[in-house]
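Secondary and tertiary structure notes
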Amino acid sequence: MKRTNIIRYTAALVLPIALLGGCTGDFEDLNTNPYEVNPSDLPFEAQFTTPMSYSYPCQQNLFQFWTNLQIDIYGGYFESPNGNFTNQRYAMNRGHCGGMHENFMQKIFNNTRRLIRQCEENNQPDFAAVMRVVEVYNLLNYTDTYGPVPYSSVIAADALPERPGSYAYDTQEQIYGTMISQLNTAIEGFATETPGLGSFDIWCNGDHALWLQVANQLKLRIALRMVKVAPALAEQYAAEAIRGGVLTDTDILISKGFENEMWLMFNWGDCGANASLVTMLKGYDDPRLPLYFTKNTQPIVRSGATPIGTDDNGFAVYAEADYLTDPDTGAPLKQGTAYLGLPAGCPIGGKPNMYSNYSGWAGTFTMPQPILFAAEGWFLRAEAELRWQLTGESVQTLYETGIRTSIKNQYAYRAAYAEQGYAEFKQELPADWKTLASDETIDAYINNGTSLPLDYIDPATEGYDSVNENDLCVKWDDAATDEEKLQRIITQKWIALFPLSNEAWAEYRRTGYPKLFPVKQNENEKEISTKYGPRRLPYNENELNSNTEAVNAAIGMLNAEATGGTSGDNAGTRLWWDQADKGNF
């Protein structure tokens, strides 16, 4: 197979990423290697696989830089037990902020735009539509990470005899208009059925009706993101998307043997469960908790404690006085006894440390990659109905159907892999494992009108505790204010979206829900509010150096669209849709 220097397609946009720590050490080689297999040398159908599979990157180092070192944390799902990763304390490492750009430009856009053009030339509008939807899925994550990004200039350069040395950026408002246009074109394209779609379609297996639902769900996502800046357009797009139909029962998962790298992030000791999520799931008695995480993977003991032996499974045994205690039960924290989340933004030191022994990942390396969940469609519709009364449907019914769909689908998706995760740590499954998704369990959860998320009490370090500020139970209250109804909808959507941190972080920034625990140590208070957290990621140093004029112009666009008093290329500057001076209603 011919090898050629195809890095020229995105030469000015490639970001070699600075490194920190052992497990990220191969990433620079990955991204500075100037040679790749030319995608056009592959069979035509095989060329679609890369942008579809890298929508949830299946390469360990890229995955870590894509979201795990920043967005996974800011979305409230994960935290790192490796204190050397300073982004979690808001001391922003630009070298750890470029993975989203890298993935979009090299793995997604470098392929989608070429394939769209080729499919249109071949009169395959539905094939082109697939790539348009995949592109928009990733472009939404890309622009919601940085704000202004290079897009139209890259497409325009495809018609030039030589690639330029610089690429101009589009404003985020322009990008949002482009995404809606691309989705509308894709929806039209799915009216044609070209034979062979199922041969390469790793998202929907050639199901045109399912692709239409995916496109409309993305359109509804985008519409609701725009409610504070373009409310009339938001309502129009939402109505169109709901009429077109979003996902109702089928999740979009990639189960084609690609790697799910989240298992490896936990295995490396670079990722752990976030206390904001664990305390919420525990307080609500949420049946998804054991599907998301295992109990503590090692004993939790006082500093300096020395093992006195091992148990039958090979785990260290300590004197009873050396075990720290479960803050909920007072029991000694022997291996596999409690679900423990990591405190937010604490100076815990480098790995390994006691925090590496908190809850583990309930899954395996072979777990399918998540792309879209049907439950999200119900919550999106619930919010749209709350705002605009578009269909006359009951908001409560939409909300409760979202919860029911999430619990049943997450169990169907995760249970078999979670069982392997528990087995890896020699832990017994919860006694109610077989009934986690039963109608009786779900009914009890939906009708729980008293339970609230817990305060966080850290068993290992005094001073790392946090007080819960989420004051609403799960049970719907039709007499509640619209703000309270929205809080319930977004909170349950946040739980259901796990582990898709891009969307979780975006919706947290847009609505303020759920109320996440603030960091204990903010090392960048001049730029980032401890109360509100990061609002974007800064552009990578290499992009600043290699595409300087365009990036400086983009920072001017960012400032023009920003509100709230913070400006410039830093993590505290708000994006176009993230309006500081506007409430949710």
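Another aspect to go through is unusual backbone geometry. With omega at -5°, the peptide bond leading from Lys351 into Pro352 counts as cis. If you trace the backbone, Pro352 turns up in the loop between strand E8 (316-317) and strand E9 (359-361). Following Phe498, the chain continues to Pro499 via a peptide bond in cis, the omega torsion being 5°. Positionally, Pro499 belongs in the loop between helix H17 (482-497) and helix H18 (501-511). In this model, Asn205 sits at a positive phi of 55°, which is unusual for a non-glycine residue. Take Asn205: it is sitting in the loop between helix H8 (172-189) and helix H9 (208-225). Taking relative accessible area as the criterion, Asn205 reaches 54% and is therefore assigned exposed. Here Lys426, not a glycine, exhibits a phi torsion of approximately 55°, which is positive.

What follows deals with the environment of Gln410. Along the chain, the position of Gln410 falls in helix H15 (residues 395-424). Residue Gln410 is classed as buried on the basis of its relative accessible area of 2%. Ignoring anything within four residues of it in the chain, the contact list for Gln410 reads Arg288, Leu291, Tyr292, Phe373, Ala415, Ala496 and Phe498. A polar atom in the side chain of Gln410 sits 3.4 Å from the side chain of Tyr292.

What follows is about helix H20 (residues 548-561). For H20, which comprises 14 residues, the first-to-last C-alpha distance of 20 Å matches the rise-based estimate of 20 Å (1.5 Å per residue) to within 8%. Buried within H20 are the following residues: Ala550, Val551, Ala554, Ile555, Leu558 and Glu561. Projected down its long axis, H20 carries its buried residues within an arc of 145°, all on one side. For H20, the exposed residues set more than 90 degrees away from the buried face come down to Glu549 and Ala560.

In this section: the packing of helix H6 (residues 125-146) against H18. Running from N to C, H6 and H18 cross one another at 50°; their axes reach a closest spacing of 10 Å. Between H6 and H18, the interaxial angle falls into the category oblique. H18 is crossed by H6, and the crossing has left-handed handedness. Contacts from Asn141, Asp144 and Thr145 of H6 reach H18 at Asn502, Trp505, Ala506 and Arg509.

Quick notes on the rules
Residues numbered from 1 in each chain as written. Predicted model: local features only at pLDDT ≥ 70, side-chain atom pairs only at ≥ 80, totals over all residues. Heavy atoms only, no water. Helix = DSSP H or I, 4+ residues; strand = E, 2+ residues; numbered from the N terminus. Buried < 20%, exposed > 50% of the residue type's maximum accessible area, 1.4 Å probe, protein only. Contact = heavy atoms within 4.5 Å. Polar contact = N/O pair within 3.5 Å; in protein donor to acceptor, adjacent residues only side chain to side chain. Expected span 1.5 Å × (residues − 1). Arc of directions from axis to C-beta. Axes fitted to C-alpha atoms, helices over the stretch in contact; angles between N-to-C directions. Parallel < 35°, antiparallel > 145°, perpendicular 65-115°, else oblique. Left-handed = near helix turned anticlockwise from the far one by under 90°.

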